[in-house]
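Descriptive analysis of the structure
Residues per chain, in single letters:
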Amino acid sequence: MSAESPASGAPAAPTDFIRDLVAADVAAGRHARIITRFPPEPNGYLHIGHAKSICLNFGLAREHGGICHLRFDDTNPAKEDIEYVESISRDVQWLIAGWADHCLGLKPRGATPAPAPGSGTPDYHLAAAPAGAGEREAFFASDYFEALHAYAVELIRRGKAYVCDLTPEETDAYRGAPDQPGRDSPFRNRSVAENLDLFARMRAGEFPNGARSLRARIDMASPNVWLRDPLLYRIRHTAHHHAGNRWCIYPLYDFAHCLSDYIEGITHSICTLEFEVHRPLYDWILQSLDLPRPLPHQYEFAKLNISYLVFSKRRLLQLVEDNLVAGWDDPRMPTLSGARRRGIPAAAIRRLASLVGVTKYDSLTDLALFEHAIREELNPLALRRLAVLRPLKIVLTNLAPGEEIACTATNNPQDPAPTTRPLALTRELFIEAEDFAEVPPPKFFRLKPGGEVRLKYACIISCQEVIKDAAGQVTELRCTADLTTRSGQPNADRKVKGTLHWVSATHGVPAEVRLYDRLFTVPEPAASGDFRDHVNPRSLETVTAVVEPALAAAQPGDYLQFERLGYFVPDSKDSAPGRPVFNRTVSLKDAWTPKPPTRA
RNA sequence: UGCCCGAUGGUGUAAUGGUAGCACAAACGACUCUGACUCGUUUUGUCUAGGUUCGAGUCCUAGUCGGGCAGCCA
């Protein structure tokens, strides 16, 4: 059990009630090895909310020298697709890379649980394969269909399950209401032999969808509606993306999940709060089978909510389908693929997970905390570069055309031994338009008529003349450069209040830059009305920037900071060699409150 | 209103009957060739009412407020 050291790039993980509980189990020697699992249904893309669960489950495995199985909970062929199993696998591996990849539990490719002959029910078990022991793949609940079926038959034999002929509507009516007991199904007392026969015929495909179901025989009057003879199997004449067309009956979540956990030897089955009321059913199924190995236990925690973001699969899908975003991996999406493309390092997401903790309180995390985690991660990593998003031309009148003043720029001041790169100051250059104000607001530390600023890595300049076009728009500034204030020159230490970033007009190259802002204008888009009404119309602004020459060679995966602007990354899809397109990951923290009017 | 769960500064959390602490945010200040980073200071908190106890954020009772549960979804 090793707490994470700050040196490894993430803060020490604080403990939480689940970690405490697992630690107590370990201390009591209850498990040979901790085995957790991350069990997504392959029916959508993973998002930051899933990341919290991944970090918890893999974190637990990591802290106890255990493993975390990646398992696809694929029991509903109608909603699932192989596209999602691929994207989910990719995203999980990206999130845990360099952190918990050694804890990723996979099984031998194609393996299914082998029944160990026992005295009663055969004991189905499927363990993870060690890395390097041949080809491996994720676990799939659909690989357990045969085992699950055998367990269902066993439940029938024990009189704990029955085939019910009620229609879906009738089943619903018989269930009663939360404050009203249900009524027993007229088929509840069928003989074991009849149930066995009917269930076999269900499997054989003799009945149409919905005609019959297999139900647990528990208590139709239970105050917990999930104990009112819940369905275990339904008839679905549908092919399955992983199991093929062998089956026309499919197990439901409650039946498949606890047994999948058992089959894999999961010690701690951790899920979100809405499954709390399912826990008695989880335990009932496992206990009803008299299974020989130790039973897994379910624990619940609150899912992640972050202000200005939505996480529900339904809403994410709507954003994509309504073309409110450019796809699942649009950098504004809270999906892991979107975050990756946005330039958010996996470690920043892990850092966030550690910062928010794990509780049963239904919280709303401030987006600022996420942005903090991102900056914290990027600051020591990002190469500093100069880029001007909205160029304003400056002519240094005391420099000759073609004259070049050699400058040296630091690649990352956070680096204990920073490297540098050369930069050339030329007669014509660009500064950020918002860094000049003809009529400056109070405490404007930037350029104004007659004022002085330092050009980062170069020298102090002084604004002599403001050139405007017929419409009165400022088109050009004529300044003089004080070359004695360059680094190494006698006046290098002269202080001026502002330092600006700049790019040489002769050496700078144009580049598309995408400025992303929050996707929604309100903290809780889903709180009331249609969340789509709150989409921020200015969540994406595309500008043609002028960037320093070194940036022409930027590659996707390079973490960059455009000085004074924010963190940026080349877009992994739209960048071409020599013609990068940049995404703004997050802006720099801006403590200057009276923002200039040009600022959004 | 049947059952289940929860409530600690603006936000997220810690304190496991014994000094209410941390982080984010905010404000102010120092430093600064990034109004960044870093550093310092400050503001703000145990839902309510009873009870147990030498001592309660923590245990008990009642209440208030919030969330979840009635798919042949997961």
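Anything mentioned here points back to the structure above.
Notes on the structure follow. (Residues numbered from 1 in each chain as written. Chains lettered and ligands numbered in written order. Predicted model: local features only at pLDDT ≥ 70, side-chain atom pairs only at ≥ 80, totals over all residues. Heavy atoms only, no water.)

**Some details on unusual backbone geometry**
If a residue is not glycine, its phi is most likely negative; likewise, a peptide bond is most likely trans. Residues other than glycine seldom take positive phi values, yet N323 does so here, at roughly 55 degrees. As for its placement among the helices and strands, N323 is situated in the loop between α9 (313–321) and α10 (336–342). Relative accessible area serves as the criterion here: at 64%, N323 is assigned to the exposed category. A positive phi is found at R564, a non-glycine position, where the angle reads about 70 degrees. Note on placement: R564 falls in the loop between β28 (560–562) and β29 (566–570). Assessed through its relative accessible area of 34%, R564 is described here as partly exposed. (Helix = DSSP H or I, 4+ residues; strand = E, 2+ residues; numbered from the N terminus. Buried < 20%, exposed > 50% of the residue type's maximum accessible area, 1.4 Å probe, protein only.)

**Section: helix α7 (residues 253–264)**
Taking 1.5 Å of rise per residue, 12 residues should cover 16 Å, and α7 covers 16 Å from first to last C-alpha, within 8% of that figure. With 11 of 12 residues buried, α7 lies mostly within the body of the structure. Trailing α7 by a residue or two, G265 shows a phi angle of about 70 degrees, which is positive. (Expected span 1.5 Å × (residues − 1).)

**Points about the packing of aromatic side chains**
Scanning all chains against the criterion turns up 13 aromatic pairs. For the pair Y45 and Y84, a centre-to-centre distance of 5.7 Å together with 90 degrees between the ring planes defines the contact as edge-to-face. Here Y45, found in the loop between β1 (35–38) and α2 (48–63), pairs with Y84, found in helix α3 (residues 82–96); they are 39 residues apart in sequence, far enough to count as distant. One aromatic cluster in this structure is built from Y45, Y84 and W328. (Phe/Tyr/Trp six-rings, centres within 6.5 Å; stacked < 30°, edge-to-face > 60°.)

**Considering the pairing of strand β9 (residues 161–164)**
Neither face of β9 is open: one carries A161 and V163, the other Y162 and C164, and all of them are buried. With four bridges joining them, β9 and strand β10 (residues 213–216) adopt antiparallel strand pairing. Paired with V163 across the two strands is L214, which belongs to β10. (Pairing = 2+ DSSP bridges.)

**A few points about the sheet that holds strand β27 (residues 540–547)**
Sheet architecture is open: seven strands sit in the order β15-β28-β29-β30-β26-β27-β16, paired in mixed fashion. A single partner strand is all that each edge strand has here, and the edge strands are β15 (383–385) and β16 (387–388). Direction of pairing for strand β26 (residues 509–516) relative to strand β30 (residues 581–587): parallel, over a ladder of three bridges. Paired with V513 across the two strands is F582, which belongs to β30. Helix α12 (residues 367–378) rests against β15, β29 and β30 of the sheet, and its axis sits at about 115 degrees to β30. (Contact = heavy atoms within 4.5 Å. Axes fitted to C-alpha atoms, helices over the stretch in contact; angles between N-to-C directions.)

**A few points about the protein's contact with RNA strand B**
Taken together, 67 residues sit near RNA strand B, with D20, D172, R384, Y457 and Q561 positioned nearest. A share of 64% of the atoms of RNA strand B within 4 Å of the protein falls on sugar and phosphate groups. The contact in question runs from a phosphate oxygen of RNA strand B to an N or O atom on the side chain of K495, over 2.9 Å. With four residues, the single largest contributor to the surface near RNA strand B is helix α5 (residues 168–175). (Near = heavy atom within 4 Å. Polar contact = N/O pair within 3.5 Å; in protein donor to acceptor, adjacent residues only side chain to side chain.)

**Looking at the nonpolar core**
Residues I48, F58, L319 and I349 are the most contacted members of the largest nonpolar core, which totals 58 residues. Secondary-structure elements contributing two or more residues to this core are α2, β2 (67–72), α3, α9, α10, α11 (346–356) and α12. The element contributing the most residues to this core is α3, with seven residues. Leave out the neighbours within four places in its chain, and L319 touches V310, L324, V325, M333, L519, F520, F531 and V535. Core analysis: the second largest hydrophobic core is formed by 42 residues, A152, V163, C258 and L291 among them. (Core = buried A, V, L, I, M, F, W, Y, C linked by side-chain atoms within 4.5 Å.)

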